[in-house]
Amino acid sequence: MKNIKSLALGLISASVLAACSTADNTSSLKEDILVAPIAKKVPYEMSAHGHSRIDNYYWMRDDKRQDPEILAHLEAENNYTEQQLKHTKSLQSQLFDEIKGRIVKDDQSVPIKKGDFFYGSEVSGDNEYRIYTRAKDLAGTNKEVLLDVNELAKNHEYFSVSGLSASPDSKLLAYGEDTISRRIYTIRIKNLETGEYLKDEIKDTEGGVVWGNNNQFFYYIKKDPQTLLGYQVYRHVLGTEQSQDELVYEEQNKAYYTYISKSKDGQLVYIHHSSTEASGVSILNANDVKATPTRFIPREAKHEYSIAKLNNDFYIKTNLNAVNFRLMKVEAANIGDKTKWQEVIPARDNVKLEDIELFNNHLVYQERENGLSYFTVRQLSNGKEYKLNFKDSAFAAGMYGNNELDNSSVRLYYTSMTTPSSVFEYALESGDKTVLKEQKVLGDFNADNYASERIMVTARDGKQVPVSLVYRKDKFKKDGTNPLYQYGYGSYGATFDPTFSTSRLSLLDRGFVYAIAHIRGSQMLGRPWYDDGKKLTKKNTFNDFVDVTKSLVAQGYGAKDKVFAVGGSAGGLLMGAVINQAPELYRGVAAHVPFVDVVTTMLDESIPLTTNEYDEWGNPNDKVYYDYMLSYSPYDQVKRQEYPNLLVTTGLHDSQVQYFEPMKWVAKLREYKTDNNLLLFKTDMEAGHGGSSGRFKRINDTAIEYAFFLDLLNK
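Quick caveat, the model's predicted, so the values are computed rather than measured.

1. Section: the sheet that holds strand 22 (residues 342-345)
Reading across the sheet, the four strands line up as 19-20-21-22 and stay open at both edges, with antiparallel pairing between neighbours. Whereas interior strands pair on both sides, the edge strands pair on one side only; in this sheet they are strand 19 (305-310) and strand 22. Averaged over all neighbouring strand pairs, the angle between strand axes comes to 30 degrees, with direction disregarded. In this sheet, strand 22 lies alongside strand 21 (residues 326-331) in antiparallel orientation, the contact comprising three bridges. Across the sheet, residue Lys329 finds its bridge partner in strand 22, namely Gln342.

Pasting the structure below:
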């Protein structure tokens, strides 16, 4: 077998190799004679519904990720990208130092109370990973180290821990570790009294556990190694082999994800069944090592709900006769009977019920109206309410870390595009606010130098699309001269609220206007906003993004020849569709881990997570969905036209969007595009969907993207 590096070089033209050699054996590669790697074409025919497609790059798929020719081509692309960006190395270093220089090296989280301890984490110096700790009080008196991830990660290029969970008696710690970045975790158990590890190692899991109350068993979810679906719930008894674990629940419907959690009072284990358009819960007694699951109610198509337990009552957040959800309540004895449900918070057409948190005497609920979040505290004894107030007109906030029913306060995180993240606690009785932490930004950052706006843009069909904007005041004149960085996602109902970013400051300080387009496919304007951007209305997502770009330029927020667009994963699909539709609008585009080969992927149930996606995109085994998906699939719709400058990134071990999707897309773009613009493709050979592990390694990826855009501005 040939050396991979040698093969990679063989994929680059002879003229490039000649340019690499000089008389003194040093490397000198001139940019003007660089030639991009050209992939071979091997026609592969696929047929469905009487329609045939030829995929010349299907050969790039290797599920084992061992094919030397494929790996060599990826190395060749990496080499080409590195050479094309070689002249930006100093700029990349400058950006890296800027971004890293704003980060507090020695930092601690705000500890979260669970049981008898306050659990937290900290980072220090140039360490890439967190150290997990606990103490008996919030101040951290006599703090003990539970896990030093820096030590665990020493011999790994990639390392991730997941689902840290202490046993009810606080003597054992379970956690998952992933050293490949496929999000397949091995669960390990640490004795916190001795520091030693138990022999129990549970492989091929989701990474988290839920403990039984006698500290001798736990539940975990096992993944299918091919589809990567977590579909089996097992019960493991400490001291036994994994092969002896008892299968408690197996999900037969491949459209559902499976999760596990525990009720806040610790008495029940929840098995969550979640698909795009339906959900459900099954219940186990956490005290019984032989417990079998019971459905809360029978699963129904189109019915989504979640539950929370308080004493003998269950509260149900449900979309039953409520598009934007409502809150109901039922006694434990009647959980299987929807006719016994009592309304607690009614449904409202223009207000979405997003989240609830229960305490012994209070209910706190979060709603979203016109894209903005509101929090209300209700006293359960008398129904009296008050709202929590925030200073910004547009912000991101949410409840977290409220693990105890007897808490006297509710904890929230808060941030806006000009306000670094903070952690607050509000006293439930009085509403008095305590600031537990405010994120520090080192250097010369001053929030008063920046301004944010929330505007509405009229889409081509008349719908009003929210847009969040931020810029540096002294760099912005709204005269159509500023470079514009526009971000979008628009899938799965995921709502990207306006949050603060330390790295973004490097763009704002150079005159960029940063925009988040809250396009259809999110739930920024409630559930109907999501429903109008999926399946047979998916093109609204792409049209909204393009229409936002046009409007921002027309209103003077950005220069028409200085617009840059960015999206990742399903946002990478957005980028692919947008540049097929309106390539002339964008100077440069970054598509990270892009989902671009929609039809082929959705027709192949062996590809990880495919079957869970039918309710999002549609099932192309039905002709109506096949035709519609084919009409926008970025890979299938590549055409002979000019495309913007493109930076495409992926991870070889990506578990959500397989590396071969962007690899094929880049190869086809090289074949079809009629311009001389840059097309760069970078594969992290050690990472997966989330990119590099480690807090500083990730900055490299950001620095490369920013340098790519800034360099284009100077050409």
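And the narrative resumes.
2. A short note on helix 9 (residues 570-581)
In this model, helix 9 (12 residues) spans 17 Å end to end at C-alpha, consistent with the 16 Å of a helix rising 1.5 Å per residue. Within helix 9, 11 of the 12 residues are buried, which leaves it mostly tucked inside the rest of the structure. Ala570, Gly571, Gly572, Leu573, Leu574, Met575, Gly576, Ala577, Val578, Ile579 and Asn580 are the residues of helix 9 that are buried.

3. Observations concerning the pattern of salt bridges
Where charged atoms of side chains with opposite charge meet at close range, the side chains can pair. Summed over all chains, the structure comprises 48 salt bridges. Across the pair Glu354 and Arg368 runs a salt bridge whose closest N-O atoms are separated by 3.2 Å. Highlighted residues: Glu354 in strand 23 (residues 351-358) and Arg368 in strand 24 (residues 362-369), separated in sequence by 14 residues. On the basis of relative accessibility, which here comes to 19%, the residue Glu354 falls in the buried class. Here the salt bridges share partners, and the residues they tie into one network are Glu277, Lys302, Glu304, Arg527, Asp531, Lys534 and Lys535.

4. Details of the sheet that holds strand 16 (residues 268-274)
Reading across the sheet, the four strands line up as 15-16-17-18 and stay open at both edges, with antiparallel pairing between neighbours. Only two strands of the sheet have a single partner each, and these edge strands are strand 15 (257-262) and strand 18 (294-295).

5. Points about the confidence of the model for the protein
Per-residue confidence for the protein gives a mean pLDDT of 91, with 94% of residues at or over 70. Low pLDDT, under 50, characterises residues 1-32; the predicted model gives this stretch 46 contacts beyond four residues in sequence or across chains.

6. Here's the deal with the packing of aromatic side chains
For the structure shown, the criterion picks out 36 aromatic pairs. A centroid spacing of 5.0 Å and a plane angle of 10 degrees characterise the contact between Phe390 and Tyr414, whose relative ring orientation is stacked. Linking Phe390 in the loop between strand 26 (385-387) and strand 27 (396-399) with Tyr414 in strand 28 (residues 409-415), this pair joins segments that are 24 residues apart in sequence. Ring centres of Phe395 and Tyr414 lie 5.2 Å apart, and the angle between their planes is 35 degrees; this geometry places the pair in the tilted category. With Phe395 in the loop between strand 26 and strand 27 and Tyr414 in strand 28, the pair connects residues that are 19 residues apart, well separated along the chain. Across the pair, Tyr414 and Phe395 agree in class, each one buried. Through a chain of ring-to-ring contacts, three or more aromatic side chains come together here, namely Tyr485, Phe512, Tyr514, Phe564, Tyr706, Phe708 and Phe709. Above the face of the Phe359 ring, Lys264 is positioned so that its terminal group lies 4.6 Å from the ring centre. The side chain of Arg640 reaches across the aromatic face of Tyr672, ending 4.4 Å from its centre.

7. Some points on the pairing of strand 21
Relative to strand 21, strand 20 (residues 313-318) runs antiparallel, the two sharing six bridges. Bridge pairing in strand 21 links Asp313 to Glu331.

8. Here we look at the nonpolar core
Membership of the largest hydrophobic core comes to 114 residues, with the highest contact counts inside it found for Tyr485, Phe545, Leu552, Tyr586 and Trp665. Examining the composition of this core, we find that nine residues originate from one element, helix 14 (residues 697-713), more than from any other. Those residues in contact with Phe545 that lie beyond four places of it in its chain are Gln486, Tyr487, Gly488, Ala517, Ile519, Ala565, Leu574, Met575, Val578 and Tyr586. Phe359, Val364, Val377 and Phe390 belong to the second largest nonpolar core, which has 15 residues in total.

9. With respect to unusual backbone geometry
In this structure, His49 is a non-glycine residue whose phi angle is positive, near 55 degrees. Its place among the elements puts His49 in the loop between strand 1 (45-48) and strand 2 (51-54). For Asn311, which is not glycine, the phi dihedral falls at a positive 55 degrees. Position of Asn311 relative to the elements: it lies in the loop between strand 19 and strand 20.

10. Brief notes about the side chain of Lys534
Tracing the backbone through its elements, the reader meets Lys534 in the loop between helix 7 (527-531) and helix 8 (539-554). Overall, Lys534 belongs to the buried group, its relative accessible area being 4%. Once residues lying within four places of it in the same chain are set aside, the contact partners of Lys534 are Thr276, Glu277, Arg527, Asp615 and Glu616.

11. Regarding the packing of helix 3 (residues 68-84) against helix 13 (residues 660-672)
Between helix 3 and helix 13, the least distance of the axes is 12 Å, while the angle of their chain directions is 65 degrees. For the pair helix 3 and helix 13, the crossing hand works out as left-handed. Between helix 3 and helix 13, the residues in contact are Ile70, His73, Leu74, Glu77 and Tyr80 and Met663, Val666 and Arg670, respectively.

12. Some words on helix 3
Relative to the 24 Å expected for 17 residues at 1.5 Å per residue, helix 3 spans 24 Å between its end C-alpha atoms, a close match to the ideal helical length. Summarising burial for helix 3: 13 of the 17 residues are buried, a large majority. Regarding helix 3, its N-cap is Asp67, as a side-chain oxygen of that residue lies 2.9 Å from the backbone nitrogen of Glu69 further along.

13. Thoughts on the packing of helix 4 (residues 89-101) against helix 14
Contact pair helix 4 / helix 14: the axes reach a minimum separation of 8 Å and the direction vectors enclose 130 degrees. One element, helix 4, and the other, helix 14, form an angle in the oblique class. Regarding helix 4 and helix 14, the two cross each other, and that crossing is right-handed. Contact residues: Leu91, Gln92, Leu95, Phe96, Ile99 and Lys100 in helix 4; Ile699, Asn700, Thr702, Ala703, Ile704, Tyr706, Ala707 and Leu710 in helix 14. Here the contact of helix 4 with helix 14 is composed, by residue class, of 10 nonpolar, three polar and one charged.

14. Considering the side chain of Ser275
With respect to the element layout, Ser275 can be found in the loop between strand 16 and strand 17 (279-285). By relative accessible area, Ser275 is classed as buried at 11%. Ignoring any residue separated from it by four or fewer positions in sequence, one finds Ser275 in contact with Ala255, Tyr256 and Asp615.

Thresholds, definitions, all that
Residues numbered from 1 in each chain as written. Predicted model: local features only at pLDDT ≥ 70, side-chain atom pairs only at ≥ 80, totals over all residues. Heavy atoms only, no water. Pairing = 2+ DSSP bridges. Helix = DSSP H or I, 4+ residues; strand = E, 2+ residues; numbered from the N terminus. Axes fitted to C-alpha atoms, helices over the stretch in contact; angles between N-to-C directions. Expected span 1.5 Å × (residues − 1). Buried < 20%, exposed > 50% of the residue type's maximum accessible area, 1.4 Å probe, protein only. Salt bridge = Lys/Arg side-chain N within 4 Å of Asp/Glu carboxyl O. pLDDT = per-residue confidence, 0-100. Contact = heavy atoms within 4.5 Å. Phe/Tyr/Trp six-rings, centres within 6.5 Å; stacked < 30°, edge-to-face > 60°. Lys NZ or Arg CZ within 6 Å of the ring centre and 35° of its normal. Core = buried A, V, L, I, M, F, W, Y, C linked by side-chain atoms within 4.5 Å. Left-handed = near helix turned anticlockwise from the far one by under 90°. Polar contact = N/O pair within 3.5 Å; in protein donor to acceptor, adjacent residues only side chain to side chain. Parallel < 35°, antiparallel > 145°, perpendicular 65-115°, else oblique. Nonpolar A, V, L, I, M, F, W, Y, C, P; charged D, E, K, R; others polar.

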